[in-house]
Structure formats: structure tokens, C-alpha cells
There are 2 protein chains.
Amino acid sequence: MASHRYCVIMCGGVGSRFWPYSREDRPKQFIDFFGTGRSLLQMSYDRILPIVPKENIVVVTNARYAGLIREQLPDIDERNILLEPARRNTAPCIAWAAYHIAAIDPEASMIVTPSDHLITAENVFHDCVRRGFDFVESDDALLTLGIKPVRPETGYGYIQIGREVAPGIQKVKTFTEKPNLDLAKVFVDSGEFFWNAGIFLWKASSIIDALHRYDSDLTSLFDQGLGEFGTDREMDFIGENFAACPANSIDYAVMEKAENVYVECADFGWNDLGTWSALYDQSPKCDEDENVGGETPLITYESSGNIFAVNSDKLVVVHGLHDYIVADTGDVLLVCPKSEEQRIKQMVNDVKLSFGDKYL
Amino acid sequence: MASHRYCVIMCGGVGSRFWPYSREDRPKQFIDFFGTGRSLLQMSYDRILPIVPKENIVVVTNARYAGLIREQLPDIDERNILLEPARRNTAPCIAWAAYHIAAIDPEASMIVTPSDHLITAENVFHDCVRRGFDFVESDDALLTLGIKPVRPETGYGYIQIGREVAPGIQKVKTFTEKPNLDLAKVFVDSGEFFWNAGIFLWKASSIIDALHRYDSDLTSLFDQGLGEFGTDREMDFIGENFAACPANSIDYAVMEKAENVYVECADFGWNDLGTWSALYDQSPKCDEDENVGGETPLITYESSGNIFAVNSDKLVVVHGLHDYIVADTGDVLLVCPKSEEQRIKQMVNDVKLSFGDKYL
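Residues numbered from 1 in each chain as written. Chains lettered and ligands numbered in written order. Predicted model: local features only at pLDDT ≥ 70, side-chain atom pairs only at ≥ 80, totals over all residues. Heavy atoms only, no water.

### Some words on the pairing of strand 9 (residues 193-203) of chain A
Residue and element names in this part refer to chain A. Burial runs high along strand 9: 11 of the 11 residues are buried. With 4 bridges joining them, strand 4 (residues 109-114) and strand 9 adopt antiparallel strand pairing. Considered in strand 9, the bridge of Ser109 is made with Lys203. Relative to strand 9, strand 6 (residues 142-147) runs antiparallel, the two being bridged by 4 bridges. The residue bridging Thr144 from the neighbouring strand is Phe200, located in strand 9. (Buried < 20%, exposed > 50% of the residue type's maximum accessible area, 1.4 Å probe, protein only. Helix = DSSP H or I, 4+ residues; strand = E, 2+ residues; numbered from the N terminus. Pairing = 2+ DSSP bridges.)

### Brief notes about the interface of chain A and chain B
Tallying the contact residues gives 36 residues for chain A and 36 residues for chain B. Taken together, the two surfaces of chain A and chain B that pack against each other cover about 2900 Å², and 60% of this comes from carbon and sulfur. Summed over the three residues of chain A that lose the most area to chain B, namely A:Leu315, A:His319 and A:Leu333, the buried surface amounts to 23% of that side. There are 6 salt bridges connecting chain A and chain B. Salt-bridge contacts for B:Asp313 lead to A:Lys358; the nearest nitrogen and oxygen are separated by 2.9 Å. Residue classes in the side of chain A that touches chain B are distributed as 22 nonpolar, 5 polar and 9 charged. (Contact = heavy atoms within 4.5 Å. Buried area = accessible area lost by both parts, 1.4 Å probe. Salt bridge = Lys/Arg side-chain N within 4 Å of Asp/Glu carboxyl O. Nonpolar A, V, L, I, M, F, W, Y, C, P; charged D, E, K, R; others polar.)

### A closer look at unusual backbone geometry
Residue and element names in this part refer to chain A. Following Trp19, the chain continues into Pro20 via a peptide bond in cis, with omega recorded as 5°. Residue position: Pro20 is located in the loop between strand 1 (5-10) and helix 1 (40-48). The backbone of Glu290 sits at a positive phi, close to 60°, despite the residue not being glycine. With respect to the element layout, Glu290 can be found in the loop between helix 10 (276-282) and strand 12 (298-301). Note on Glu290: relative accessible area 42%, which makes it partly exposed.

### Description of the relation of the copies chain A and chain B
Turning chain A through 180° and shifting it by 0.0 Å along the axis lays it on chain B, with an RMSD of 0.1 Å. Those values place the two copies in the arrangement expected of a two-fold rotation axis. Residue A:Gly330, judged by its C-alpha, is the member of chain A lying nearest the rotation axis, at 3.6 Å. Most of the interface of chain A is mirrored in chain B, where 100% of its interface residues again form contacts. (Least-squares fit on C-alpha atoms with pLDDT ≥ 70 in both.)

### Remarks on the confidence of the model for chain A
Mean pLDDT over chain A works out to 93, with 99% of the residues at or above the 70 mark. Of the two predicted TM-score estimates for the complex, the pTM is 0.79 and the ipTM is 0.79. (pLDDT = per-residue confidence, 0-100.)

### Overview of the side chain of A:His126
Mapping A:His126 onto the fold places it in helix 4 (residues 122-137). Apart from the residues within four sequence positions on either side, A:His126 is in contact with A:Arg47, A:Pro50 and A:Ile51.

### Structural notes on the sheet that holds strand 16 (residues 332-337) of chain A
Remark on secondary structure: sheet strands pair via backbone hydrogen bonds, oriented parallel or antiparallel. Across the sheet, 5 strands lie side by side as 13(A)-15(A)-16(A)-14(B)-12(B); this open sheet has mixed pairing. At either margin of the open sheet sits one strand with a lone partner, and together these are strand 13 (307-310) of chain A together with strand 12 (298-301) of chain B. Pairs of neighbouring strands in the sheet enclose a mean axial angle of 5°, with direction left out of account. Relative to strand 16 of chain A, strand 15 (residues 324-328) of chain A runs antiparallel, the two sharing 5 bridges. Among the inter-strand pairings, A:Asp328 is bridged to a residue of strand 16 of chain A, identified as A:Leu333. Those strands touched by helix 11 (residues 344-355) of chain A are strand 15 and strand 16 of chain A together with strand 12 and strand 14 (315-319) of chain B, and its axis lies near 145° from that of strand 12 of chain B. (Axes fitted to C-alpha atoms, helices over the stretch in contact; angles between N-to-C directions.)

### So, helix 7 (residues 216-223) of chain A
All names here are of chain A. Listed as buried for helix 7 are Leu218, Thr219, Leu221 and Phe222. Projected down its long axis, helix 7 carries its buried residues within an arc of 155°, all on one side. Structurally, helix 7 contributes buried residues whose contacts are with helix 3 (90-104), helix 6 (204-214) and helix 8 (234-241). (Arc of directions from axis to C-beta.)

### What about the pattern of salt bridges?
Tallied over the entire structure, the rule returns 42 salt bridges over all chains. Linking A:Glu137 and A:Arg5 is a salt bridge whose minimum nitrogen-to-oxygen distance equals 2.8 Å. In this pair, A:Glu137 sits in helix 4 while A:Arg5 sits in strand 1, placing the two residues 132 residues apart along the sequence. When its relative accessible area of 10% is taken as the criterion, A:Arg5 is described as buried. Between B:Glu78 and B:Arg70 there is a salt bridge, and its shortest N-O distance comes to 2.5 Å.

### Side note on the environment of B:Tyr45
Residues and elements named next belong to chain B. One can find Tyr45 in helix 1 (residues 40-48). Linking Tyr45 and Val58, residues 13 residues apart in sequence, is a C-alpha distance of 9.8 Å. The residues touching Tyr45, leaving out its near neighbours within four places in the chain, are Ile9, Lys54, Ile57, Leu73, Asp75 and Ile76.

### Brief notes about the environment of B:Gly162
Residues and elements named next belong to chain B. Within the fold, Gly162 resides in strand 7 (residues 158-166). For Gly162, a relative accessible area of 25% gives the class partly exposed. Once the C-alpha coordinates of Gly162 and Asp139 are considered, the two residues, 23 residues apart in sequence, prove to be 18 Å apart. Those residues in contact with Gly162, other than ones at most four positions away along the chain, are Gln170, Lys171 and Lys173.

### Considerations on the side chain of A:Thr113
Looking at where A:Thr113 falls in the secondary structure, it is placed in strand 4. Those residues in contact with A:Thr113 that lie beyond four places of it in its chain are A:Cys7, A:Val8, A:Ile9, A:Met10 and A:Ile199.

### Here we look at the packing of aromatic side chains
Across all of its chains, the model carries 34 aromatic pairs over all chains by this definition. Between B:Phe125 and B:Phe268 the ring centres are 5.2 Å apart and the planes differ by 85°, which places this aromatic pair in the edge-to-face class. Note that B:Phe125 is positioned in helix 4 (residues 122-137) and B:Phe268 in the loop between strand 10 (261-266) and strand 11 (270-271), a separation of 143 residues in sequence. Site record: aromatic cluster; members linked through ring pairs are A:Tyr99, A:Phe222, A:Phe229 and A:Phe237. Across the ring face of A:Tyr262, the terminal group of A:Lys171 is positioned such that the distance to the ring centre comes to 5.1 Å. Sitting over the ring of B:Tyr252, B:Lys257 keeps its end group 4.8 Å from the ring centre. (Phe/Tyr/Trp six-rings, centres within 6.5 Å; stacked < 30°, edge-to-face > 60°. Lys NZ or Arg CZ within 6 Å of the ring centre and 35° of its normal.)

Structure representation (C-alpha cells):
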């Protein structure tokens, strides 16, 4: 069975919320965030290897990151790197990967995973993914992984679960938008709501069927390429047509509309590392004042709750700084309260207005 | 007359209060503080050139800075660079320079000046120095320049003036220690007290006479070198004997004890740049929030009164920072409230304890 199992790693994001640490030419997923010597992408690749053979791991990314993929994942075959000529969100990305994989292996099942999340309990993750593959391979099911919420997070979408259809697997009752704090607390307390982690399992044929039903604009476009996928002409077809795909998320295009959607509830130490605060929470503290500094040589005075993201050999000395982000990337220094990090996207816009692309 | 006029630029300080901008291997005086393309030393040299011919400008510095002197002052003759083998404060430094110059020119008069101060009204300074030279050349006088105080500064010593002995030149009544704020206010209001800027004029023979009278330990040591100064053997003598000089300031060794001490009161836009706050006050503000950033590309949000000392091409983006020093030197980042800058010396000690000499 294993040889019909595929993995699609989505690796085209720009990670602008982590600017200046995440840059247009080296977004978050390519960064060694935890100073372990492995980028988030490499960690995602390593994590799936016990389940999916490397010949079946497909990376979808923006064309500009081709070099970074080859540098960070030298074991991946060139044919397994799908280079998007334009950014179109997850629906076109997943559609392409599904058509590509289905052309190679009509019996394929696949897990689709972001490249920039953290999972700390890998064994639990592996059990969960194996159970998920078994489930979707025996049924025409679209399966999403739901994460048991550990706090009333307002930054995520939630999935409300319905009846159990297999051990650990439930019918999805509803997908919700990001809730306000009061609602998020109700969600968490109810035990009925799980975080939508954006990790999916299905047969390639199942997602293609669902796309035909719920996003026929997209499939009518991709159907023109049948006979090209998996061949030397695939990239020409993509180059001609991919940019014409409307940008859309797979949640909106399919998951929120389809009937055969299921959720496997799991608790494998997941964090989407979507914000500096999330990274701070996830990171080991380096002193009794709860500062986070990774490998950075650090001396602090009357300073607490800060996260320092600095080239590791640079000495940082701070006095009187509480709950700040201090990010230093050589050509950019950012000092900003964690509580203001939602303004970083605006800052990046301001930087672009003042200085062009130089610091993006 | 001009050919008997000499200048001694004291250039051996370590400037630890400006760490990390000022470093052991490139102290404050060697830094282009104002982004003008000229270091404070070069500005000091340029400033005296209209009065003292370059053959008569002598730089005294620590041996480790020989390369920096040659790099920054390529016009200076090698024989005019006096390299101290050890740091012994100003009295031994000035004594050596006086013996050296007296050996070359027994009729020499000299101005002794720090290398790391700022003077903005150069014409006023030149008039003041010329009048000072005229005065000391006609009398056996030790002349210090007194700066009209513009604020009740507690970081400086003050000079109380007595009767006028020549236009603009008074007998010194007393030298004072650094006053507390209340006393400093009284000093400023009285009109009788001036800042001690550490700039001196005298004949070489006058200061050598005064040293014989008030610091005979020092002169008995230097007198052993008579016949060596100004010859090829001078550096050997210094190498053997300089380290034996007790560290002492010229104020304590001579100025506070001698009878023939005079002050020329002046107002030539002087700032000793002794602290980050002094540099902040002196620097042009780059926005309506009174931030100082020199040439640094800077974007600030809800931030005011900060001084950014950063390599000039690096982009700095800050949010919610008020009255801080942000100094970035490539291998060190310091973030510290201006109000805490007196702790920087302690920080440097802590850095040394934790990381050795690497970041000093």
C-alpha cells in the first residue's frame, strides 16, 4: 500500500508576518527557526518520511524558491518539485498537485501539509496520519486534521465535529470563521470544536471529484491539461494556464461545501507559528525573566518576556524592555512590542513605500 | 612666531561609555560620529591646522592605535606620533609631550587638546586659541579654557574665576569637583563658574617647571631621558620608563595646585560628547518625535526621543520606544534607556565576564 501514499508539501508562502526574519527571498518555511540546523520545511519533510517514501513527496512552491528547495531538500527528485508561476492560494496549488499525482498513480492517496508549522509529538502525528490514510483509502472521503484546542485562540478557524464514523474520525458539522474571544472560550469549553490545521488527507481522485463538483472553473482549466500532467509537457501547460486560476483557498472552494468531509481529531503538539507571540510561547525560555533568545549571546537587565531573533553570534544587551520582539537580520533591525505585531504587515508596506524592495 | 606654536592631541582614551559604538580597537575619537566622513580625531586635527602648522602637531596615543592614527591622519609625520606603551592618564601623557617638544624647540608653546570633543564655532575657537597663545608666550602661565555653562551639568568640573589679568583672561580662583544639581544651578546662575574643558595652553618650559614643583616623581623619571627626547632613542627610553609613571590627571597633578593658573573664558559651542545623552542633545533631530538617527534609514511608530547609532545602511523599524539608546555595531546590539546610560560601564564589565574580550 505504501507506494500509493503521497505527500504534498505546500511551500509557497511569503510569511510576511515574520518580517524581517522572514523575507521575500527566504520566507519563514526556509528558516532554521529553532536553531536546530533544520528549517521548518526540512522538519516537515523529515516528519513525513517514515510514512511516505521520498519518491512520493511532492513540493509545491513559487518558482522563485526553486533554488532554496534544491538546497534544502537535495534528496527530492526534480520532477517532484512543482513550481507555481504565480501565487494563487491553496485551491489551485492542491488541484495541480492532485492532477499531477493522479496522472502518475491513479490509485494515489495523499496528505497535504503546510511547510511552516511545528509538530512536537511526531509519533502521535504518525499514528494519526496512518489512520487517516487508511480511512480515506477505504472511502470517498475528504479528511482534515482537527487539533484539540489548548487556549481560546481567535486567530484560527474552528471545526465543529459531528457523529463518529470510525475510531477517532468524525463527520464535520461546520467550519467556522475566526471567532471573537468570548465565542472562542465557548468553543474550547464545549469540547466540540477543534482547530483547523490546514492538513488534509484524501485520494487524489476524491479531491479531483470534489473540485469538479464545487469549483468547476478550476477543473475545466486543469482538465485541458489531461495527458500533459506527469509528462515533460506539464510545465509548459502550467506556464500557460496556472496564472488564469482564480486565487482561492481549498477551505472555501471545497471543504466548506462538500458533503463527504470528515475530521480526525488529534493532539500532537501542533503550532502554526503564525505569529511572533506563537513562536515566543513555543520557544524555550533562556532565563528566569522568560526571555527567548535561542542561541543568541544575551545579557538583559530589567527586561522580561522578550523574543530575540538575532543572528546567533551577535551579542545583544538590553535594559528595560518588556514583551518586545527584537529581530535583527543584518540589514534590518525591528524593535516592536509583541502586542503590536499585527501591525508588522503595515510596517512592511511602509518600508516598501519608503525604500522600495530593498528591505523586503 | 607661528613656528614655535605646537599642538598636542591626546588620543589614547578608550571611550567605554559609548560602548558598543566605541570599541577597544576603535574608540570614540576614531569614529565618524556625525556621519560627516571625518572622525572626531580628524575634526580635532582639522580644527587646529589654521593655527598650528602640521609639522608641529603631535598626537599622543596608546601604542595599539598607531595604525588608526596613520590611517586617519596620513599627513602626520611618524616622528609626531607618540605611542604610549601603557595607559597612565593625562599627566604622564602631557609630561612626555612637553619634554618631547621642549627638546625639539626650547621656545615652544603648546595647546593640549582632547581628540574626542565637538566644537561648533571654530572661528570663535581660533580667536580664543590665538589670544591664549599670545598670553602664555608673554608670561609663565598655565592657561585652561573655561566654557560658559549653558545648563546645570553635574558631569563636569567647574572653574571659579577671579580677577581679570588680560582681556578675556582671568586668574583661576578654584577648581571644583563635579557638583550636585542644586550646586550646579547656583554655579551657572552666578556667572562666576565655567566648565573645565580639559584644553590647556602653556609654554613647554612652563609646564615642565610646574611639573618639577608639583609632581617631582614624574619629572625625576622624565629628567633621566634628557638628551634622548627628540632623538632616535626616545622610544627606547619611553618603552623602558613610561610604564613606571603613576597614573594621574594633569588637573590633580598640577592645575589644582599651581599658583600661575589662568582661565580664558569662551563660548565656542563645546560639547565633550561624554555621554549618549550629550550626543543626543548635540545631534540634529530627524523627525518631529525628536529622534536622532544620523544617516540611518529609520521608520518609527509611537517612538520619541531615541538615539539610533547604527551602521548607516541598515534599516531600523521601531514601535513604542521612548528615550532609548539603540546602538548596533554589526556584532553587538545595545538597547538601553538614555536615563540608564551610566550603567553601560557595568554592562561592559558583565560582557567581559560572560564573553571575554570578544565584544569589547
